[in-house]
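So the chains spell out like this:
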Amino acid sequence: TEFGAFVEVEDDIDGLIHISDMSWSKRIKHPSEVVKKGDSVEAMVLSIDAENQRLSLGLKQLATDIWEDFFARHKVGQNIEGKVVRMTNFGAFVELDEGIEGLIHVSEMSWTKKNMHPGKIVSTSQEVDVLVLEVDSDKRRISLGLKQKSDNPWKTASSRYNVGSVIRGEVVSMTDYGAFVQLEDGIEGMVHVSEMSWTRRVRHPNEVLSLEEQVDVMVLSVDTTAEKIALGLKQTRPNPWREIEGKYPVGSSIKGTVRNLTDYGAFVEIEEGIDALLHVSDIS
């Protein structure tokens, strides 16, 4: 059947070898991969349910448990080589020994390539050198790491990107709240919309920047633990607010153009990019 093979133990008594009890090493899709009708087999009695007339048998229990042997030879923190045999959206399965597979979760594949399909980092049949991160002998699961075999560039990011330094990068993506600038392969920093202009209220990054544009930005902060770099665009340009200090003394009369009206007052442009607030209480 789909779930196992029935074995005649003696006249009128059949036992079931469930598909999960056929082999330690093979991922069996159908019992016919292991046994054929008419085969004589030697099996271990696993359980007897006299009331329901059920006899459970096992084939793999008479052979060496390859998982126990593997766990005896390999520990957490050990380097091991294997071959990528299967790919999923969440990771890649690596054959470490005959019948033994471990999983490299997508989060353990690269220090810098985030939210990327595993197939863009490794390929089926590729030989890989990985680190054993975790073993679960009860569930027969092995967690592997690929990125741990290389240096984490974020650890030294603070030494390469000093706060206050100006660097050039390429705008690679945008969100409603900011633009991401690639500083090197796999290392990106973000320019928040509030750090794009001294004078404009930027609602979306595309008002100021465009994709693939080369821009000069200033490093505002580096968080190596969270793997985040905050960048500023406006800091690479003169701050017009500093230039008007002392230019408009208290009590002087000036002219401007009303640009925006709110419930609490009017915003008046007194020179290009500089708005002053005329509060409603000072209008009349």
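Residues numbered from 1 in each chain as written. Predicted model: local features only at pLDDT ≥ 70, side-chain atom pairs only at ≥ 80, totals over all residues. Heavy atoms only, no water.

1. Section: the overall build of the protein chain
At step 1: Summing up its helical and strand segments, the protein chain has 3 helices and 17 strands in all.
At step 2: Expected size for 284 residues packed as a compact globule is a radius of gyration near 19 Å; at 33 Å, the protein chain overshoots this value by more than 25%.
At step 3: Scored against the burial criterion, the 284 residues of the protein chain give a buried share of 32%.
At step 4: Within the protein chain, contacts between residues separated by at least 24 positions form 52% of all contacts whose residues are at least 6 apart in sequence.
At step 5: Working note: accessible area of the protein chain is about 18,200 Å², and carbon and sulfur atoms make up 47% of it.
At step 6: Side-chain charges of the protein chain comprise 32 positive and 47 negative groups, with the mean position of each set lying 6 Å from the other. (Helix = DSSP H or I, 4+ residues; strand = E, 2+ residues; numbered from the N terminus. Rg over C-alpha atoms; globule rule 2.2 N^0.38 Å. Buried < 20%, exposed > 50% of the residue type's maximum accessible area, 1.4 Å probe, protein only. Contact = heavy atoms within 4.5 Å. Areas by Shrake-Rupley, 256 points an atom, 1.4 Å probe, with all protein chains shown as cover. Lys, Arg positive; Asp, Glu negative; His and termini not counted. Charge placed at Lys NZ, Arg CZ, Asp CG, Glu CD.)

2. Regarding the sheet that holds strand S1 (residues 4-10)
Strands in a sheet are paired, the pairing made by backbone hydrogen bonds, and the direction either parallel or antiparallel.
At step 1: If you walk across this open sheet you meet the 4 strands as S1-S2-S4-S3, and the pairing is mixed. Each edge of the open sheet is held by one strand with a lone partner, namely S1 and strand S3 (44-49). On average, adjacent strands in this sheet sit at an angle of 30° to one another, irrespective of strand direction.
At step 2: With 5 bridges joining them, S3 and strand S4 (residues 54-58) adopt antiparallel strand pairing. The residue of S4 that forms the bridge with Asp49 is Arg54. (Pairing = 2+ DSSP bridges. Axes fitted to C-alpha atoms, helices over the stretch in contact; angles between N-to-C directions.)

3. Regarding helix H1 (residues 66-73)
At step 1: Listed as buried for H1 are Trp67, Phe70 and Phe71. On an axial view of H1, the arc spanned by its buried residues comes to 95°, and they lie on one face. In H1, those exposed residues whose orientation departs by more than 90 degrees from the buried face are Glu68 and Ala72.
At step 2: Among the structural elements, strand S5 (79-87), strand S6 (91-97), strand S7 (100-105), strand S8 (127-136) and strand S9 (141-145) are those in contact with the buried residues of H1. (Arc of directions from axis to C-beta.)

4. Some details on the pairing of strand S17 (residues 274-279)
At step 1: Judged from the 6 bridges that link them, strand S16 (residues 265-271) and S17 form a sheet pairing that is antiparallel. If you follow Phe267 over to S17, its bridge partner there is Leu277.
At step 2: Once S16 ends, the chain turns through 2 residues before running back antiparallel as S17, passing Gly273 with a positive phi of about 85°.

5. A short note on the nonpolar core
At step 1: Tyr161, Met196, Ile229 and Leu231 are the most contacted members of the largest nonpolar core, which has 20 residues in total.
At step 2: Not counting the four nearest positions on each side in its chain, Met196 is found in contact with Gly178, Ala179, Val191, Val202, Pro205, Val208, Leu209, Leu233, Lys234 and Arg237.
At step 3: The next biggest cluster of nonpolar side chains, apart from the first, holds 18 residues, and it includes Phe70, Ile80, Ala92 and Val94. (Core = buried A, V, L, I, M, F, W, Y, C linked by side-chain atoms within 4.5 Å.)

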